[in-house]
Every structure is written in C-alpha cells, then in structure tokens.
Amino acid sequence: MGLLLLVALLLLPGSYGLPFYNGFYYSNSANDQNPGNGHGKDLLNGVKLVVETPEETLFTYQGASVILPCRYHYEPALGSPRRVRIKWWKLSENGGPEKDVLVAIGLRHRSFGDYQGRVHLRQEKEHDVSLEIQDLRLEDYGRYRCEVIDGLEDESGLVELELRGVVFPYQSPNGRYQLNFHEGQQVCAEQGAVVASFEQLFRAWEEGLDWCNAGWLQDATVQYPIMLPRQSCGGPGLAPGVRSYGPRHRRLHRYDVFCFATALKGRVYYLEHPEKLTLTEAREACQEDDATIAKVGQLFAAWKFHGLDRCDAGWLADGSVRYPVVHPHPNCGPPEPGVRSFGFPDPQSRLYGVYCYRQH
C-alpha cells in the first residue's frame, strides 16, 4: 500500500519535497496510545503540532453527506504558514484492510477506491482539513484517521462515524440455522442491509431487542441478545445481556444472521389494492405503482424511523410476509411493538397484500 500511495502522490502536479507517504502506520488495537486530540512532537524551538478531532461519535444516515471535523494548530502559534500534507484513511475493521480515502498537498488532492468522486477537504478556514463524504453508503461507517504531516513530524486524530439504523434478525427460508457467514453477508445485502457489528447489536439490546436464536455478526462471532432470561433460551439463571458463542468457522458453521439497515431516503407503504395477491402479482402491482416491492431492511427502517404502523400482512422482496406495528392493539399480534412475520408462505397463495418502496 505504501508503494502505491507514494507513486500516486509523485504523479500529482506540483508535489515537491518528500513524498507524502512516510511509512508510518497506526494501530487500531485496544492498546492504541494515540486516540486523537493529542499533542505532536516538537517541531523547531519547542513548537508542537496539535491535531483536534471530536471525541463524540458522529451519527448520520445512508445517502446523506457528512463532515468529519479535523483541525490543526501549533503551540505556540507560528507567524507564517507552513506547507503540510494531509492524509485521511479508514481504519481496518474485524481484520479487514485499511482503506485510503484521500491525500492532499496544498490545494491538490487525490481520493481512492469507492471514495473517488465522493470526498473532498473543506479547507474553508485556515488549518481546517475536515473531510466531507457525500452519498454515504452502508459500508462507510467506522473509524477514520486524520493525519497532518509537517516535514518529518506528524500528528493525527480519530473520528468515529456511525449510521443511524436498525438491527433485525434474519432467518433463511429453509429454516433456523441454515446460513454460513458468507451466506449471511449475502442475504443481508439482498435485504438492503449489512451484517451488524457487535456495537450495533449491543445498542439494539439496550433498546429492547430480545431474540433467542444465535446469529452471525460482522466479526464472524455468533451472538444473541436476551432481555428476559428464560428456560428455553439459556436458562433463567443467566443475567440479561448479549450472549456469545464466540468466533465460528465462516464456511462450516451455520446460524441465523443479524442485519443492520439504515434510515431511508424513500418511502415504504402498504399498497391499497382491491384483491389479495400472489408474490409475482405483488411485484407487478408495485411496479405498476411506480415503485418496487420492499425489502426486509426497508420495512424495518420504515417501522423504526418513519413510524410505519399497519396491521395488514404483506409480501416482501424475499418472499416473506410481514407487517409493522408501532402501537400494539387488539387482534394485531403480541403486545410489544415490532415487525411481525408470517414466515415464507407458498408464493402462489392469495392471502396477503404487499409493501412497496418508492425512492424520493
């Protein structure tokens, strides 16, 4: 990666002096001694480079634009500006590779990979090197590092970005515990979601998620959240919490999966139709209404963030039948809010309506 970054910057017009890449990597382990907002090394005559990033996590949603704040200054202040190099990159998650996002020297910059065309430095004020990311994607959440390099000295800070979303358990149409890790990734993607992280599952548990079936998480561990300990789910003697089976073999072991979907830019609605529909007819009916049949993740997001509340069971894109309840009432399932499921009925049955999704 270092060689590629060096070559990339040497290709930038007007890039003089030492190449931007200085071969210095930061650890994302629990023992990382430089979490951000720290003082840099001495430059000359006791002057220190200081990089400032926010300590709190930034929350946003899929499709939005967000600014990751990063500013730097010198202590004591310098009388004349200095030429610095800026690097933004996304730290590795669960053993995955680090991702270069953007490098800049003065007003020249270069972005990389999936970030090309979606990122730029703000630089509206002196010493402001905040990063703007547009059209946020599900995979954009995580930890970003802002590094400022002045000659041979460097200092950096962390910015944590989280998407507002909802965690939901997903089970294969073939029944319980049928998905290996890679299949879990695939079915979450098909439902407009990604495999949930432990932090996302833990937050969902704090908000009341109680589910007895174990499911894959992003780090290939298998866990499940319990609010009400009971005999059929690990026994009543265990305390509430997120229980773990630990890491499992990504290909050989099979469980359910916990998916994570973010808030929507569009609208999910129950299609008012004079007749009940088969699954094929449901797809066609949404298309005739200038929409598409909704995915499971979209229905959960509409329930969570837009208050979608219907007691009418409807087809979804994966062939399941579900309905969202915000305010439980008689003859509409259990007394708790949630998205109810009828499983995966015969696709030819004409017993249900359909939920459609129309993008804004």
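Data block above holds the structure.
Not measured: the values here are computed from a predicted model. (Residues numbered from 1 in each chain as written. Predicted model: local features only at pLDDT ≥ 70, side-chain atom pairs only at ≥ 80, totals over all residues. Heavy atoms only, no water.)

### Notes on the layout of surface pockets
Step number 1: The space that makes up the largest pocket amounts to roughly 1100 Å³.
Step number 2: The wall of the largest pocket is formed by 37 residues, among which Val167, Pro169, Leu209, Phe300 and Trp303 lie closest to the centre.
Step number 3: For the lining of the largest pocket, the element with the most residues is strand S13 (residues 165–170), which contributes 6 residues. (1 Å grid on protein atoms, 1.4 Å probe; cavity = no way out; pocket = protein on both sides within 12 Å on 5 of 7 lines; lining within 4 Å. Points joined across faces, edges and corners; volume = space filled by probe spheres on them. Helix = DSSP H or I, 4+ residues; strand = E, 2+ residues; numbered from the N terminus.)

### Some details on unusual backbone geometry
Step number 1: For the peptide bond that leads from Glu75 to Pro76, omega is -5°, which places it in the cis range.
Step number 2: Looking at the element boundaries, Pro76 is found in the loop between strand S5 (71–75) and strand S6 (85–90).
Step number 3: Although it is not a glycine, His127 sits at a positive phi angle of roughly 70°.
Step number 4: Structurally, the position occupied by His127 is in the loop between strand S9 (119–121) and strand S10 (131–133).

### Quick word on the pattern of salt bridges
Step number 1: Counting across every chain of the model gives 13 salt bridges.
Step number 2: As a salt-bridge pair, Glu281 and Arg350 come within 2.5 Å of each other at their nearest N and O atoms. You can see Glu281 sitting in helix H4 (residues 279–288) and its partner Arg350 sitting in the loop between strand S23 (338–341) and strand S24 (353–358), a full 69 residues away along the chain.
Step number 3: Salt bridges sharing common partners tie together Glu272, Arg310 and Asp312. (Salt bridge = Lys/Arg side-chain N within 4 Å of Asp/Glu carboxyl O.)

### A look at the state of the cysteines
Step number 1: Tallying each qualifying case throughout the model produces 5 disulfides.
Step number 2: Note that Cys188 is cross-linked by a disulfide to Cys259, the S-S spacing being 2.0 Å. A torsion of -80° about the S-S bond marks the disulfide between Cys188 and Cys259 as left-handed. With Cys188 in helix H2 (residues 181–190) and Cys259 in strand S18 (residues 256–262), this residue pair connects regions lying 71 residues apart in the sequence. Pair check on accessibility: Cys188 and Cys259 agree, each one buried. (Disulfide = S-S within 2.5 Å. Buried < 20%, exposed > 50% of the residue type's maximum accessible area, 1.4 Å probe, protein only.)

### Let's talk about the sheet that holds strand S4 (residues 66–68)
Step number 1: The 3 strands are arranged S4-S10-S9 in an open sheet whose pairing can be described as antiparallel. In this open sheet, the two edge strands, each paired with only one partner strand, are S4 and S9. Averaged over all pairs of adjacent strands, the angle between their axes in this sheet comes to 25°, without regard to strand direction.
Step number 2: Of the pairings in the sheet, the one linking S9 to S10 comprises 3 bridges and is antiparallel in character. The residue of S10 that forms the bridge with Leu121 is Leu131. (Pairing = 2+ DSSP bridges. Axes fitted to C-alpha atoms, helices over the stretch in contact; angles between N-to-C directions.)

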